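Given next are the chains, with one letter for each unit.
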Amino acid sequence: AFLRMLFPEKLDGDKKGRPSTAGSKIKGTQSTLPTRVKHQVEYLGLKENIRVRRAGFAYRRQFAKFLQRYAILTPETWPRWRGDERQGVQHLLRAVNMEPDQYQMGSTKVFVKNPESVSVFEGQAEKEGEGKREKGIKRD
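Note that residues are indexed from 1 along each chain, following the sequence as it is written. It should be noted that, the model being predicted, local features are given only for residues of pLDDT at least 70 and side-chain atom pairs only at 80 or more, the latter also being counted only at that level, while totals for whole chains, interfaces and linings use all residues. To get the side-chain values, all heavy atoms of the structure are used, and hydrogens and water are removed first.

Caption draft 1: Focus on the overall build of the protein chain. Counting from the N terminus, the helices are the DSSP runs of H or I reaching at least four residues and the strands are the DSSP runs of E reaching at least two. Of regular secondary structure, the protein chain possesses six helices and three strands. Along the protein chain, from the amino end to the carboxyl end, the secondary structure elements read α-α-α-β-α-α-β-β-α. Burial classes: relative accessible area under 20% of the type maximum marks a residue as buried, over 50% as exposed, and values in between as partly exposed (1.4 Å probe, protein chains only). Residue burial in the protein chain is summarised as follows: out of 140 residues, 25% are buried. Across the protein chain, contacts joining residues at least 24 apart in sequence account for 52% of those joining residues at least 6 apart. Counting only carbon and sulfur atoms, one obtains 52% of the accessible surface of the protein chain, whose full area is about 10,900 Å². The contact rule is simple, with two residues in contact once any of their heavy atoms fall within 4.5 Å. Values of accessible area rely on a 1.4 Å probe in the Shrake-Rupley scheme; residue burial ignores everything except the protein chains shown.

Here it is as structure tokens:
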């Protein structure tokens, strides 16, 4: 009973060959690992992220989310942009004088090359937000 407790693995008496070892179990689980990792990479969108970064773009955001975050920067987009989201993003990019070579418009996202450019947006949005909060202006 003590030996069965130490070695709970059932051995087939009809099976010929050696019982599985720790090394063979590790090799077996390792072979399933690459398929699981591949699935996770595809599921999380890491391939797209790497492709975008290799192209030289450090930041990507869907038009709607970009507009929602930075709408406060211009009177035309605040409190709400009432047109095509793509045109609203382009309006915001022009409003902060971003050079056309620093961004690219995709079909659903805007891609910005330098993280410093995004920090300009963040800084201006924070400053505008504080000013509007002081005046008591709220977004509808």
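Past the structure itself, the notes keep going.
Caption draft 2: Spatial organisation of the side chain of Thr 74. Along the polypeptide, Thr 74 turns up in the loop between helix 4 (63–70) and helix 5 (85–95). The contacts of Thr 74, once residues within four sequence positions are left out, are His 91, Leu 92 and Ala 95.

Caption draft 3: Quick peek at helix 5. Of all the positions in helix 5, only Gly 88, Val 89, His 91, Leu 92 and Leu 93 are classed as buried. Looking one or two places after helix 5, you find Asn 97, whose phi comes out positive at around 55°.

Caption draft 4: Spatial organisation of the sheet that holds strand 1 (residues 59–62). Here we have three strands laid out as an open sheet, ordered 1-3-2, and antiparallel in their pairing. The two strands at the open ends of the sheet, each matched to only one other strand, are strand 1 and strand 2 (103–105). Averaged over all neighbouring strand pairs, the angle between strand axes comes to 15°, with direction disregarded. The sheet contact formed by strand 2 and strand 3 (residues 109–112) spans three bridges and is antiparallel. Should DSSP find at least two bridges between two strands, the strands are taken to pair. A fitted line through C-alpha atoms serves as each axis, taken over the contacting stretch for helices, and the angle formed by two N-to-C directions is quoted from 0 to 180°.

Caption draft 5: Geometry of the side chain of Lys 109. In this fold, Lys 109 is placed in strand 3. Its relative accessible area of 16% is what places Lys 109 among the buried residues. Under this definition, polar contacts are N or O atom pairs within 3.5 Å; protein pairs additionally need one hydrogen-donor-capable and one acceptor-capable atom, and for neighbouring residues in sequence, both atoms have to be side-chain atoms. At 3.3 Å, the side chain of Lys 109 forms a polar contact with the side chain of Glu 48. Beyond its immediate stretch of four places on either side in the chain, Lys 109 contacts Glu 48, Arg 60, Arg 61, Gln 62, Phe 63 and Gln 104.

Caption draft 6: Inspection of the pattern of salt bridges at higher detail. Salt bridge criterion: a side-chain nitrogen from Lys or Arg within 4 Å of a carboxyl oxygen from Asp or Glu. Enumeration over the complete set of coordinates arrives at five salt bridges. Note that Glu 48 is salt-bridged to Arg 60, the shortest N-O span being 3.9 Å. Separated by 12 residues along the polypeptide, Glu 48 in helix 3 (residues 46–54) and Arg 60 in strand 1 bring together distant segments of the chain. A residue is classified by how much of its surface remains accessible, and Arg 60, at 27% relative accessible area, is partly exposed. Across the pair Arg 69 and Glu 126 runs a salt bridge, and its minimum N-O distance is 3.4 Å.

Caption draft 7: Layout of the pairing of strand 3. Neither face of strand 3 is left uncovered, since the one carrying Lys 109 and Phe 111 and the one carrying Val 110 and Val 112 both have all their residues buried. Here strand 2 folds back onto strand 3, and the loop between the two strands holds three residues.

Caption draft 8: Structural context of the environment of Phe 121. Along the chain, the position of Phe 121 falls in helix 6 (residues 115–135). On a C-alpha basis, the gap between Phe 121 and Leu 92 in space is 9.3 Å, while along the polypeptide they are 29 residues apart. Aside from chain neighbours lying at most four places away, what touches Phe 121 is Phe 66, Tyr 70, Leu 73, Leu 92, Leu 93, Val 96 and Met 98.

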